Amino acid sequence: MVETQVFETVPVVLTTSAGTVTLAIETERAPVTAANFLAYVDGKRLDGTLFYRAFKWEDGTPGGFIQGGTQNDPKRILKPVPHEPTSKTGLSHIEGVISMAQGAPGTATGDFFIIVGDMRGFDAMQDQPGFAAFGRVIDGMDVIRSIWNAPRSATKGDGVMKGQMLEPAIRIITARRAKAD
């Protein structure tokens, strides 16, 4: 019999206007990034924020993500955290993984995205640092998919985000730690 390694996680429940999503935050494998996200949860800094973006490949290639969080609101954001690449954590950007949004390594604050399908191109590789994955959806992937399929504005969004902004955006009502099973 092969033993499956179990890593320490903290459950977090996102209550949204589209439904409830439960995350397992990887406090053992991604301790820096997990601590950052949990600081936003514990400080209630994600309450009332939005899932505001849904990315899909224009050519129909499978995979994509939804993005939400503080949108750099100076009243909500904390100091940026050091980058924790997937090459260090062993995590990968597959269906249901949550990862930090960033402009460059070390700039992540309070915005995050959740993968729909697989987006392994977001993992760290020799020539690029990738994004910092730090957990996964353990319940509510149907809610994530409904947000991903929600209406988007054809005109809102700057640069590469044009046409990816949800309209209307989906409210994150609360983000709270949950009791572990």
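Now for a quick tour of the structure.

What counts as what
Residues numbered from 1 in each chain as written. Predicted model: local features only at pLDDT ≥ 70, side-chain atom pairs only at ≥ 80, totals over all residues. Heavy atoms only, no water. Helix = DSSP H or I, 4+ residues; strand = E, 2+ residues; numbered from the N terminus. Buried < 20%, exposed > 50% of the residue type's maximum accessible area, 1.4 Å probe, protein only. Polar contact = N/O pair within 3.5 Å; in protein donor to acceptor, adjacent residues only side chain to side chain. Contact = heavy atoms within 4.5 Å. Pairing = 2+ DSSP bridges. Axes fitted to C-alpha atoms, helices over the stretch in contact; angles between N-to-C directions.

### Topic: the side chain of Thr-49
Then step 1. Position of Thr-49 relative to the elements: it lies in strand 3 (residues 49-56).
Then step 2. Taking the relative accessible area as the measure of exposure, Thr-49 reaches 5% and is therefore buried.
Then step 3. Polar contacts involving the side chain of Thr-49 include one to the main-chain carbonyl oxygen of Leu-46, which spans 2.6 Å.
Then step 4. The residues contacting Thr-49, other than those within four sequence positions of it, are Gly-69, Thr-70, Arg-76, Ile-170, Arg-171 and Ile-172.

### Points about the sheet that holds strand 5 (residues 97-100)
Adjacent strands of a sheet pair through backbone hydrogen bonds, lying either parallel or antiparallel.
Then step 1. One closed barrel accounts for 8 strands, arranged 1-2-7-5-6-4-3-8; its pairing is antiparallel. Put simply, the sheet's adjacent strands are angled 35° from each other on average, direction ignored.
Then step 2. In the sheet, strand 2 (residues 19-25) pairs with strand 7 (residues 133-139) via 4 bridges, with the strands oriented antiparallel. The partner of Ile-25 across the bridge, within strand 7, is Gly-135.
Then step 3. Sheet strands touched by helix 1 (residues 31-42): strand 1 (10-16), strand 2, strand 5, strand 6 (111-116), strand 7 and strand 8 (165-177). Its angle to strand 8, the strand with the most contacts, is close to 90°.

### Overview of unusual backbone geometry
Then step 1. A cis geometry characterises the amide bond from Glu-167 onward to Pro-168, with omega recorded as 5°.
Then step 2. Structurally, the position occupied by Pro-168 is in strand 8.
Then step 3. The phi torsion at Lys-44 lies on the positive side, around 55°, for a residue other than glycine.
Then step 4. Tracing the sequence through the fold places Lys-44 in the loop between helix 1 and strand 3.
Then step 5. By relative accessible area, Lys-44 is classed as partly exposed at 49%.
Then step 6. Look at Gln-71: it is not a glycine, yet its phi comes out positive at around 50°.
Then step 7. Tracing the sequence through the fold places Gln-71 in the loop between strand 4 (64-69) and helix 2 (86-89).

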